[in-house]
Amino acid sequence: MKSFIDPPQKIPFYLKIGIWITKRITGKDLLPPKLLAWYPKAAIGSGVLESLVAHGHNPSEKRLLKLVRIQASFAVSCSFCIDMNSFEFSKAGITEEEMAALQGKADPIDVRTFSQREKLALEYARFISKSPLFFPPSLIEEMKKNFSEREIVILASTAAQVNYWARLLQALGVPPAGFSDQCPYNGN
């Protein structure tokens, strides 16, 4: 599978450094940074956005953010995002049953291993990933009861970041990179 366009033949040196760093971090020679080299400002802006991603300070925060990333990836049906964000899901303490719920094969409300906060965050991520955007007042009230303002901003920006990448990568026809076997989609 191939993207809609090919990377430029000549990539500026300063972008080659970013591509090299991406390869060191991911262990893969990824296509997106090469495609973004057609417009260096987009490459730099996307790189800065990615470098500022929230990671969480403790295992429960890391798990929650991983759940939100995976849920947003499935909500927007982005094969590259699903591939990358679901990679090594079990290392984040996510079970096969939970993964099935994130894929839409079960209702997350019925998965007993999800905490109340996780269920709310997953629902929030799904609403962030819908068009047009609409947030039921009851969901927002529950979010405010269960998360601090800072946590809500982190959850919203995490899901929005996945949406940014999903829309950009799908618009360029970027296929999965081969991180995981969790992507049910053959293409974008």
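What you see is a predicted model; the values in this text were computed from it and never measured.

Cut-offs used in this document
Residues numbered from 1 in each chain as written. Predicted model: local features only at pLDDT ≥ 70, side-chain atom pairs only at ≥ 80, totals over all residues. Heavy atoms only, no water. Axes fitted to C-alpha atoms, helices over the stretch in contact; angles between N-to-C directions. Helix = DSSP H or I, 4+ residues; strand = E, 2+ residues; numbered from the N terminus. Left-handed = near helix turned anticlockwise from the far one by under 90°. Contact = heavy atoms within 4.5 Å. Nonpolar A, V, L, I, M, F, W, Y, C, P; charged D, E, K, R; others polar. Polar contact = N/O pair within 3.5 Å; in protein donor to acceptor, adjacent residues only side chain to side chain. Phe/Tyr/Trp six-rings, centres within 6.5 Å; stacked < 30°, edge-to-face > 60°. Buried < 20%, exposed > 50% of the residue type's maximum accessible area, 1.4 Å probe, protein only. 1 Å grid on protein atoms, 1.4 Å probe; cavity = no way out; pocket = protein on both sides within 12 Å on 5 of 7 lines; lining within 4 Å. Points joined across faces, edges and corners; volume = space filled by probe spheres on them.

## Here's the deal with the packing of helix H4 (residues 59–75) against helix H9 (residues 149–172)
Alright, step 1. Viewed as axis vectors pointing N to C, H4 and H9 meet at an angle of 40°, and their least axial separation amounts to 9 Å. Crossing angle aside, the handedness with which H4 passes H9 is right-handed. Of H9, the residues touching H4 (which contributes Leu-64, Leu-65, Val-68, Arg-69, Ala-72 and Ser-73) are Ile-154, Leu-155, Thr-158, Ala-159, Val-162 and Asn-163.
Alright, step 2. Within the contact of H4 with H9, the residues separate by chemical class into eight nonpolar, three polar and one charged.

## Quick word on the environment of Asn-58
Alright, step 1. Looking at where Asn-58 falls in the secondary structure, it is placed in the loop between helix H3 (40–51) and H4.
Alright, step 2. C-alpha of Asn-58 to C-alpha of Ser-90: the two residues are 32 residues apart in sequence and 16 Å apart in space.
Alright, step 3. Within the structure, Asn-58 has its side chain in polar contact with the side chain of Ser-60 (distance 2.7 Å).
Alright, step 4. A distance of 2.8 Å separates the side chain of Asn-58 from the backbone nitrogen of Glu-61, its partner in a polar contact.

## Concerning the packing of aromatic side chains
Alright, step 1. Taken as a whole and judged by the stated rule, the model has three aromatic pairs.
Alright, step 2. Seen in terms of ring centroids, Tyr-124 and Phe-135 are 5.8 Å apart; in terms of plane orientation they differ by 55°. Their pairing is tilted. Of this pair, Tyr-124 sits in helix H7 (residues 116–128) while Phe-135 is found in the loop between H7 and helix H8 (137–146), placing the two residues 11 residues apart along the sequence.
Alright, step 3. On the basis of relative accessibility, which here comes to 28%, the residue Phe-135 falls in the partly exposed class.
Alright, step 4. Each ring, one from Tyr-164 and one from Trp-165, has its centre 5.3 Å from the other, and the planes form 70°; the classification is edge-to-face.
Alright, step 5. Taking relative accessible area as the criterion, Tyr-164 reaches 32% and is therefore assigned partly exposed.
Alright, step 6. Judged by its relative accessible area of 15%, Trp-165 falls in the buried class.

## Some remarks on the layout of surface pockets
Empty pockets left among the atoms are what a rolling probe the size of a water molecule brings to light.
Alright, step 1. A volume near 1400 Å³ is recorded for the largest pocket.
Alright, step 2. Lining the largest pocket are 38 residues, with Ile-25, Thr-26, Glu-50, Val-53 and Met-84 sitting closest to its centre.
Alright, step 3. Listing elements by their share of the lining of the largest pocket, those giving two or more residues are helix H1 (13–26), helix H2 (31–35), H3, H4, helix H5 (79–85) and H9.
Alright, step 4. If you tally residues by element for the lining of the largest pocket, the top one is H1, at eight residues.
Alright, step 5. Considering only enclosed or pocket space, the second largest pocket measures out at about 340 Å³ in volume.
Alright, step 6. In this structure, the second largest pocket is lined by 16 residues; those nearest its centre are Gly-56, Glu-61, Leu-65, Glu-151 and Ile-154.
Alright, step 7. Among the secondary structure elements, those contributing two or more residues to the lining of the second largest pocket are H4, H7 and H9.

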